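A closer look at the structure
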Amino acid sequence: MIQSKRFADTQQAAEGCAAHILGLLGQAISAGSDATLAISGGTSPKLMFEVFAKTKFDWDRVQLFWVDERGVPPTDSQSNFKLTDDNWLTPGKFPKANIHRVQAELPPEEAARLYREDIVRYFKLKPGELPRFDVIHRGMGPDCHTASLFPGEPMIDNMTDIIGHVWVEKFKQWRITMLPGVIRAAKNTVMLVTGKDKTQPLKEILSSPIDLKKYPVQMTHDTPNVTWILDADAGALV
């Protein structure tokens, strides 16, 4: 049985997810250091970001990263950064010095390299080490992808590197994404999954043996401290 919190609708799920993440960040800060948070894009996170923008919190103590980014400029409507900036960072006056943006307007290989270097520098990583984020927030696509790791993607097997650039044929687009080793190493994972289009896929991935090439979202099924935040539609069959 998965560790889950269920809510009546998408708005309540977003609010519940925000509260859960803030609680985890607060615990990390109380331990004496800045908290590290990596977020994902999508419709449900938009509502969560709006909650963050209205919440009084010690954002000066939070370092913000992205799980993945689309290969577009930060002003593009598809940009995960723009979604976050429009709905949280600017209205919520999030400290700019704490924003670790993927420079996805650059060629994908260079954008991935620079983002990797930023993470290595912040976490003071030695060669071969992986960062351990206090919280990684992720979602799930109807095709069971997570981050920008889609079914069949070869980089799903890469458990040693931090960041990769992947071509998503489905969207004819480059993506910059955290790789499975980083995602699995998170101290806490929070999955926000909402909507009727997730009902059957969620049942399938939770009842099927782990097969990351078919169900990339399963990559944290065997790791501790994973909480699924569901609305009534997504959780209807589980």
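Everything in this summary refers to the structure shown in the same document. From a predicted model like this one, the values you see are computed outputs, not experimental measurements.

Next up on the list: the pattern of salt bridges. Taken as a whole and assessed by the stated rule, the structure comprises 11 salt bridges. Across the pair Asp157 and Lys213 runs a salt bridge, and its minimum N-O distance is 2.9 Å. With a gap of 56 residues between them, Asp157 in the loop between strand E5 (135-138) and strand E6 (163-168) and Lys213 in the loop between helix H6 (199-207) and strand E9 (226-231) connect regions that are remote in the sequence. The exposure class assigned to Asp157 is exposed, which follows from its relative accessible area of 54%. The exposure class assigned to Lys213 is partly exposed, which follows from its relative accessible area of 32%.

To continue, consider the sheet that holds E6. Read across the open sheet, the 3 strands follow the order E4-E7-E6; overall the sheet is antiparallel. Every interior strand has two partners, whereas the edge strands, strand E4 (68-70) and E6, have only one. On average, adjacent strands in this sheet sit at an angle of 20° to one another, irrespective of strand direction. Note that E6 and strand E7 (residues 173-178) share 6 bridges and pair antiparallel. Paired with Val168 across the two strands is Gln173, which belongs to E7. Along the sheet, helix H4 (residues 108-123) makes contact with E6 and E7, crossing E6 at roughly 150°.

This brings us to the packing of helix H1 (residues 10-30) against helix H2 (residues 43-54). Between H1 and H2, the least distance of the axes is 8 Å, while the angle of their chain directions is 55°. The angle between H1 and H2 falls in the class oblique. The handedness of the crossing between H1 and H2 is right-handed. Together, Thr10, Gln11, Ala14, Glu15, Cys17, Ala18, Ile21 and Leu22 of H1 and Ser44, Leu47, Met48, Val51 and Phe52 of H2 make up the contact between the two elements. Of the residues in the contact of H1 with H2, the class split is 9 nonpolar, 3 polar and 1 charged.

Our focus in this paragraph is the packing of H2 against helix H3 (residues 80-89). Contact pair H2 / H3: the axes reach a minimum separation of 7 Å and the direction vectors enclose 35°. In this structure, H2 contributes Lys46, Phe49, Glu50, Phe52 and Ala53 to the contact, and H3 contributes Leu83, Thr84, Asn87 and Trp88. Taken together, the residues of the contact of H2 with H3 sort by class into 5 nonpolar, 2 polar and 2 charged.

For the rest of this paragraph, the subject is the sheet that holds strand E3 (residues 62-66). One open sheet accounts for 6 strands, arranged E1-E9-E8-E5-E2-E3; its pairing is parallel. On the outer flanks of this sheet lie strand E1 (4-7) and E3, each paired with one strand and no other. For this sheet, the mean angle separating the axes of adjacent strands, direction not counted, is 15°. Sheet topology places strand E2 (residues 35-39) next to E5; 2 bridges connect them, and they run parallel. Looking at E5, one finds that Leu37 is bridged to Val135. Here H4 sits on the sheet in contact with E2 and E3, set at roughly 155° to E3.

Counting buried positions over the 6 residues of E9 gives 6, a clear majority of the element. Of the strand pairs in this sheet, E1 and E9 are connected by 4 bridges, and their pairing is parallel. Paired with Arg6 across the two strands is Leu230, which belongs to E9. Here strand E8 (residues 189-193) pairs with E9 via 5 bridges, running parallel. Bridge pairing in E9 places Leu192 opposite Ile229. As a crossover connection, the stretch from E8 through H6 into E9 is right-handed.

On to the nonpolar core, then. Soluble globular proteins tend to pack their nonpolar side chains together in the buried interior. The biggest cluster of nonpolar side chains holds 57 residues, and the ones touching the most others in it are Trp88 and Met178. Counting residues per element, this core draws most heavily on H1, which supplies 10 residues. The next biggest cluster of nonpolar side chains, apart from the first, holds 12 residues, and it includes Leu202, Val226, Trp228 and Ala234.

Turning to the side chain of Thr177, a few remarks are in order. Summarising the element assignment, Thr177 is placed in strand E7. On the accessibility criterion, Thr177 (1% relative accessible area) is buried. Setting aside anything within four residues of it in sequence, one finds Thr177 in contact with Val67, Asp68, Ala147, Ser148, Leu149, Ile162, Ile163, Gly164 and Val166.

Scoring rules and cut-offs
- Residues numbered from 1 in each chain as written.
- Predicted model: local features only at pLDDT ≥ 70, side-chain atom pairs only at ≥ 80, totals over all residues.
- Heavy atoms only, no water.
- Salt bridge = Lys/Arg side-chain N within 4 Å of Asp/Glu carboxyl O.
- Helix = DSSP H or I, 4+ residues; strand = E, 2+ residues; numbered from the N terminus.
- Buried < 20%, exposed > 50% of the residue type's maximum accessible area, 1.4 Å probe, protein only.
- Pairing = 2+ DSSP bridges.
- Axes fitted to C-alpha atoms, helices over the stretch in contact; angles between N-to-C directions.
- Contact = heavy atoms within 4.5 Å.
- Parallel < 35°, antiparallel > 145°, perpendicular 65-115°, else oblique.
- Left-handed = near helix turned anticlockwise from the far one by under 90°.
- Nonpolar A, V, L, I, M, F, W, Y, C, P; charged D, E, K, R; others polar.
- Right-handed = clockwise from strand over helix to strand, strands pointing away.
- Core = buried A, V, L, I, M, F, W, Y, C linked by side-chain atoms within 4.5 Å.

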